[in-house]
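Commentary on secondary and tertiary structure
Below are the chains, spelled out letter by letter.
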Amino acid sequence: MDQGASSYRRFLEGDDGGMVELIRDYKDGLIFYLSSITGSIHTAEELMEETFVKLAIRRPRFSGGSAFKTWLYAIARNVAMDWLRKNPKGRTVSMEELGDSLAEEASLERSLLLEERAVILHRAMQKLRPEYAQVLHLIYFEEFTNAQAAAVLHKGKRQMENLTCRARKSLREELEREGFVYEAL
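Bear in mind that the values here come from a model prediction, so they are computed numbers and not experimental data. (Residues numbered from 1 in each chain as written. Predicted model: local features only at pLDDT ≥ 70, side-chain atom pairs only at ≥ 80, totals over all residues. Heavy atoms only, no water.)

Moving on, we come to the overall build of the chain. When helices and strands are tallied, the chain shows 9 helices and 0 strands. When the helices and strands of the chain are placed in sequence order, the string is α-α-α-α-α-α-α-α-α. In the form shown here, the chain has an accessible surface area of approximately 10,500 Å², with 49% of it arising from carbon and sulfur atoms. (Helix = DSSP H or I, 4+ residues; strand = E, 2+ residues; numbered from the N terminus. Areas by Shrake-Rupley, 256 points an atom, 1.4 Å probe, with all protein chains shown as cover.)

So this is what it looks like as C-alpha cells:
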C-alpha cells in the first residue's frame, strides 16, 4: 500500500492527520496538473480544494485497483471536467488578479520545476493542445506510467499509446521551433 493510500485509510478511520498529509503531499502537483486543464492557477487552486473537500465529505472508497495517486488525479480531473462543463467560457480575471496569478504561478513553477529542462518542457507544453499537455504532464512531471495516465484520462491502452505518441511528437516539434532538442523524446 502506498503512502497516500495509508494516509487516506487513516483519515477514514478518524485520524484527521491523514488528510493533512494528503494535502501536503499532493496539493502542489494537483494545482499544477489542474492548471494545465483550466489555464488558470486560481481556478486550479479552487478545484484542488474542491477535490480534497470531496474526499473529506463524500469519503469515496479507494479499492486499491490502481495507485492512490492515479485515483486521486482521476477524481481531480473529473472535478475539473465538471467545472469546464459548467463554465464553458472560463472565469474572467481582473488585472489585479492576473498579476497575482502570474506571481503565484511563477512561484509554484519554480518550486515544482527545479531543473532547467523541466522549465523548458513546461513552457513548450503550454503551447500544446490541452489533451497533449495533460498526458505529458502526468507522464513527465507526475511520473505516471502509461497505464496510470490512461486511468486518469479515461483512455484505453491503445488510445493512450496513440495519444502519448502524438503528444510527444507535437512537443518535439514545439521544442525544435524554440531551438531546443530533447533527446529523450
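Past the structure itself, the notes keep going.
The next point concerns the confidence of the model for the chain. Mean pLDDT over the chain works out to 82, with 79% of the residues at or above the 70 mark. Within the chain, helix α3 (residues 41-58) carries the highest mean pLDDT (93), whereas helix α5 (residues 95-112) carries the lowest (55). (pLDDT = per-residue confidence, 0-100.)

In this section: the pattern of salt bridges. In total, this model carries 12 salt bridges according to the counting rule given. In this structure, E174 and K127 form a salt bridge, with 3.7 Å as the shortest nitrogen-oxygen distance. With E174 in helix α9 (residues 157-177) and K127 in the loop between α6 (116-125) and α7 (130-141), this residue pair connects regions lying 47 residues apart in the sequence. In this structure, R158 engages E161 in a salt bridge whose closest nitrogen and oxygen atoms are separated by 3.2 Å. (Salt bridge = Lys/Arg side-chain N within 4 Å of Asp/Glu carboxyl O.)

Moving on to the packing of aromatic side chains. With the rule as written, the count across this model stands at 10 aromatic pairs. Aromatic pair Y8 and F68: ring centres 5.8 Å apart, planes at 40 degrees, arrangement tilted. Remark: F68 occurs in helix α4 (residues 68-86) and Y8 occurs in helix α1 (residues 3-12); sequence separation between them is 60 residues. Judged by relative accessible area, F68 falls into the buried class, the value being 0%. Taken together, a centroid distance of 5.6 Å and an interplanar angle of 90 degrees make the contact between F32 and F141 edge-to-face. Of this pair, F32 sits in helix α2 (residues 16-38) while F141 sits in helix α7, placing them 109 residues apart in sequence. Of the two residues, F32 and F141, both sit in the buried class. (Phe/Tyr/Trp six-rings, centres within 6.5 Å; stacked < 30°, edge-to-face > 60°. Buried < 20%, exposed > 50% of the residue type's maximum accessible area, 1.4 Å probe, protein only.)

Looking now at the environment of I75. Relative to the helices and strands, I75 resides in helix α4. A relative accessible area of 13% means that I75 is categorised as buried. Setting aside residues no more than four positions away along its own chain, I75 makes contact with T51, K54, L55 and P60. (Contact = heavy atoms within 4.5 Å.)

Take the environment of T145 next. Within the secondary structure layout, T145 lies in the loop between α7 and α8 (146-153). Relative accessible area serves as the criterion here: at 42%, T145 is assigned to the partly exposed category.

Once that is clear, we can look at unusual backbone geometry. The backbone phi angle of R59 is positive, close to 50 degrees, even though this residue is not glycine. Structurally, R59 is set in the loop between α3 and α4. Its identity is not glycine, yet E143 carries a phi of approximately 55 degrees, on the positive side. In this structure E143 comes out as exposed when scored by relative accessible area, which is 65%.

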